[in-house]
Amino acid sequence: MKDKTGKTLSIDELAYKIAVRIRTILLEIVVFFVHLTGCMPFHHIRRVVYRFAGMHIGNGSAIHMHARFYDPLNIHIGKDTIIGEFAVLDGRAKLVIGDHVDIASQVMIYNSEHNIHSEHFAAAEEIILAPVTIQDYVFIGPRAIILPGVTIGTGAIVAAGAVVTKDVAPYTIVGGVPAKEIGQRKEKNLHYKLGRAAWFR
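Here the structure is a predicted model, which is why all the values come from computation and not from measurement. (Residues numbered from 1 in each chain as written. Predicted model: local features only at pLDDT ≥ 70, side-chain atom pairs only at ≥ 80, totals over all residues. Heavy atoms only, no water.)

## Observations regarding the overall build of the protein
Looking only at helices and strands, one finds 2 helices and 19 strands in the protein. Expressed as lengths along the three principal axes of its C-alpha atoms, the size of the protein is roughly 60 × 40 × 20 Å. Within the protein, the fraction of its 201 residues that count as buried is 39%. In the protein, the share of contacts with a sequence separation of at least 24, taken over all contacts with a separation of at least 6, comes to 27%. (Helix = DSSP H or I, 4+ residues; strand = E, 2+ residues; numbered from the N terminus. Buried < 20%, exposed > 50% of the residue type's maximum accessible area, 1.4 Å probe, protein only. Contact = heavy atoms within 4.5 Å.)

Dropping the structure here:
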């Protein structure tokens, strides 16, 4: 038997491809139901379903409506963290979001990307995976994009619309495309709480 590139597959390679395809289909079913859950205007129910799907969500954290997830098993969200409407959280590699993090609406966090130098480009086994870590007290503005392999340090701020391609140092303010340092956060002894989650958002 041959794959779509014309390569003849051994029995082991064929078995591996079948197993990967089955896992992918099952994951797509889970992601579909998690997506439907995101349309429900009941914060507490959404959080229960997200946890059941495998996400770790700390106490007091909230994920607002219409968030999208790719493989919830690899997503870890700390306590007192808020994820805004229509956010995209990629869990195909590990995604760790700390405590007291404020992620605004329509933020996209990716930890998976195509290998643009690949001969076949779209082959699942050629996807590049790199974990993303967002440490405590970070604020990410609306429509910012975080790309694979990035760590955003404690207390950092990402301006609206920024595209973050490199690590951001603690308490640094970044903006632009690609994101560059535009300032420093004055207060570095952070101990605030974001407060009660909106029940119907």
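Here the narrative resumes, following the displayed structure.
## Structural notes on the nonpolar core
With 33 residues, the main nonpolar core has Ile134, Ile140 and Ile152 as its most contacted residues. Elements with a contribution of two residues or more to this core: β4 (75-77), β7 (95-97) and β12 (132-134). (Core = buried A, V, L, I, M, F, W, Y, C linked by side-chain atoms within 4.5 Å.)

## Some words on the packing of aromatic side chains
With the rule as written, the count across this model stands at 3 aromatic pairs. Taken together, a centroid distance of 5.5 Å and an interplanar angle of 70° make the contact between Phe32 and Phe33 edge-to-face. Note on Tyr50 and Phe69: the rings are 4.9 Å apart at their centroids and 65° apart in plane angle, and the pair reads as edge-to-face. Here Tyr50 is found in helix α2 (residues 43-52), whereas its partner Phe69 is found in strand β3 (residues 68-70), with 19 residues between them in sequence. Each member of the pair, Tyr50 as well as Phe69, carries the same accessibility label: buried. Sitting above the plane of the Tyr70 ring, Arg92 keeps its charged end 5.1 Å from the centroid. (Phe/Tyr/Trp six-rings, centres within 6.5 Å; stacked < 30°, edge-to-face > 60°. Lys NZ or Arg CZ within 6 Å of the ring centre and 35° of its normal.)

## Notes on unusual backbone geometry
The omega angle of the peptide bond from Val177 to Pro178 is -10°, so this bond is cis rather than trans. Unlike most non-glycine residues, Asp71 shows phi in positive territory, near 60°. By secondary structure assignment, the location of Asp71 is in the loop between β3 and β4. We classify Asp71 as buried; its relative accessible area is 5%. Phi is positive for Phe86, close to 60°, though the residue is something other than glycine. As for its position among the elements, Phe86 is in the loop between β5 (82-83) and β6 (88-90). Accessibility expressed as a relative area gives 46% for Phe86, which makes it partly exposed.

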